[in-house]
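# Close look at the chain arrangement
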Amino acid sequence: MATVALKDVMKVFADGTVAVDRVNLDVGQGEFMVLLGPSGCGKSTLLRMVAGLEDPTSGAVIMDGELANDLPPRERGVAMVFQDFALYPHMTVGENIGFPLRLSGVDAEPRAEQVAEVASALGIGDVLARKPGQLSGGQRQRVAMGRAIVRRPKLFLMDEPLSNLDSGLRAELRAEISGLVRELGVTTIYVTHDQAEALTMADRVAILRKGVLQDVGTPTQVYGRPATLYVAAFLGSPRMNLLEAEVYVHLDRHIALHMGDQVLHLPWNDLRSRQVAHFHGERIVIGVRAEALTPVPDTTSGDVLRGRIRYLEHHGHESLAFLDIGATAVIVDEIGNPPTDVPINGGGLRRFVSRLTGRGGSGSAELVGAGVNGRGPRRAKESVLSDPGRHHRRPAELAVRLAPYPAVTHGHPLSVAVRMEALHFFDERGQRIDVGWR
Ligand SMILES: Nc1ncnc2c1ncn2[C@@H]1O[C@H](COP(=O)(O)OP(=O)(O)OP(=O)(O)O)[C@@H](O)[C@H]1O
Ligand SMILES: [Mg+2]
């Protein structure tokens, strides 16, 4: 059993690549922590530093409360499972699983006992005499798991162990692995780029982007209150609708959120209204998941978005409608879209700098002073989290859930009521506006 703490861990490779950028992360006793992020974000590098296969450029890797930076891999009590789980082809399954025990001098008889126990726990007890070449992909991955488990490590490190398998098998092994490591109570750090895998398996998820930790929390926390626009866009299927909105504060009534011709109203009794009010006259990003949208009759008033169905996707258990609502969508980089240089709000950086320095002002600042809490200077450390201009825009296609095979089809008008309390608000730099309330 083990705990791991990373303190300001940084990895800069010889060619100048910053693979991991000042990451702070605590993994508790017996916890199943998933590192999630797209290709190249530094997941494997981080894992390899915990394993001792890579030295941090700076920062501390602390294991069981002790600085472990100089501890050789074999003294860390870790077992690692990789994506390309190389098994010894000339050895049987039993010999493969028992190999780490043989290396550490365990006698044949107790070795065979432990191997049999692990193999039966993994459901491969009947193939112990076979060679890896005579196994299916799923069986081979179970053997690799068995070889890692048999030594009873203090810490499991798994680097995309399922990504070479087909989706059915992946789902099956996903459940098996999380069941098994919890039964064993072994602290686990599991790397994946698959958000479904992360949300279903993890006790907590740590989301990385370009080496920078974006958010850490239980699946419910990171899904329900993503810390950044990036996390919001990364988690969930269909993806969260991210819409550009202009904020207008009506002190006597509500805050109006304009998206093209459409308006939503945030009432003052919504606790987030005070933070959103600081953005009077500015553009922000509104995040709304499909589950916060309900089709309603066209005559419904209130917080309703209206549009036409551009296309439908049938998924068997439900259909997804994509509505043209005349609003602008914000696209976040590295989530399957090519980057562009169009910032969502050209004035954002300037305003940010003027707030930071206390110089310069805007109409909104006066209004803020008139009725709402002052925002105060932003913490300077926020500026490292995201670059302005990382997002670009296109006409929004609002994803809405419908019953399977609905009566409507493309071209039909559709109105959807918005559950206002389920909205997410982000500033132009991609930071959550109502932070700190989780
Ligand atoms: N030895 C190295 N020298 C220079 N750059 C490296 C080295 N190893 C990795 N990198 C770079 O560091 C960054 C992080 O790589 P890493 O392998 O940790 O990403 P990853 O999140 O595991 O990606 P994937 O999902 O594709 O496995 C990448 O930009 C990669 O090109
Ligand atoms: Mg990797």
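Predicted model, so just to flag it, every value in this text is computed and none were measured.

## Overview of the environment of Arg140
For Arg140, the location among the structural elements is in helix α4 (residues 137–149). With residues near it in sequence (within four places) discarded, Arg140 still touches Phe85, Leu87, Pro132 and Leu135. In this structure the side chain of Arg140 is engaged in a polar contact, spanning 3.4 Å, whose partner is the backbone oxygen of Pro132.

## Overview of the packing of helix α2 (residues 93–103) against α4
To describe two helices that pack against each other, one gives the angle between their axes and the distance between the axes. One way to put it is that α2 packs onto α4 with a least axis distance of 7 Å and a crossing angle of 30 degrees. Between α2 and α4, the crossing angle belongs to the class labelled roughly parallel. The hand of the α2/α4 crossing is right-handed. Two secondary-structure elements touch here, α2 through Val93, Asn96, Ile97 and Pro100 and α4 through Val143, Gly146 and Arg147. When its residues are assigned to classes, the contact of α2 with α4 shows 4 nonpolar, 2 polar and 1 charged.

## Here's the deal with unusual backbone geometry
A cis amide bond links Ser237 with the next residue in sequence, Pro238, at an omega value of 0 degrees. Here Pro238 shows up in the loop between α8 (229–234) and β11 (241–250). In this model, Tyr405 sits at a positive phi of 45 degrees, which is unusual for a non-glycine residue. Assignment of secondary structure puts Tyr405 in the loop between β18 (391–402) and β19 (413–418). Tyr405 sits in the exposed class, given a relative accessible area of 59%.

## Quick notes on the pairing of strand β1 (residues 4–12)
Each regular strand shows side chains that alternate between the opposite faces of the sheet. Where β1 meets strand β4 (residues 58–63), 5 bridges bridge the pair, whose relative direction is antiparallel. Residue Leu6 lies in a different strand from β4, and its bridge partner there is Val61. As judged from the 6 bridges shared by β1 and strand β2 (residues 18–27), these two strands associate in the antiparallel manner. Paired with Ala5 across the strands is Asp26, a residue of β2. With antiparallel pairing between neighbouring strands as the criterion, β1 and β2 make up a hairpin whose turn holds 5 residues, including Gly16 at a positive phi of roughly 95 degrees.

## What to know about the environment of Ala86
Here Ala86 is to be found in the loop between β6 (78–81) and α2. For Ala86, a relative accessible area of 60% corresponds to the exposed category. Sequence-wise, Ala86 and Pro132 are 46 residues apart; in three dimensions their C-alpha atoms are separated by 9.6 Å.

## A word on the packing of aromatic side chains
The tally for this structure, following the rule as stated, stands at 4 aromatic pairs. With 5.9 Å between their ring centres and 25 degrees between their planes, Tyr230 and Phe234 make a pair best called stacked. Of the two residues, Tyr230 and Phe234 are both situated in helix α8; the distance of 4 residues between them amounts to about one turn of the helix. By the burial criterion, Tyr230 is buried, and Phe234 matches it.

Definitions and limits used
Residues numbered from 1 in each chain as written. Chains lettered and ligands numbered in written order. Predicted model: local features only at pLDDT ≥ 70, side-chain atom pairs only at ≥ 80, totals over all residues. Heavy atoms only, no water. Helix = DSSP H or I, 4+ residues; strand = E, 2+ residues; numbered from the N terminus. Contact = heavy atoms within 4.5 Å. Polar contact = N/O pair within 3.5 Å; in protein donor to acceptor, adjacent residues only side chain to side chain. Axes fitted to C-alpha atoms, helices over the stretch in contact; angles between N-to-C directions. Parallel < 35°, antiparallel > 145°, perpendicular 65-115°, else oblique. Left-handed = near helix turned anticlockwise from the far one by under 90°. Nonpolar A, V, L, I, M, F, W, Y, C, P; charged D, E, K, R; others polar. Buried < 20%, exposed > 50% of the residue type's maximum accessible area, 1.4 Å probe, protein only. Pairing = 2+ DSSP bridges. Phe/Tyr/Trp six-rings, centres within 6.5 Å; stacked < 30°, edge-to-face > 60°.

Keep in mind these numbers describe shape, not what the thing actually does.
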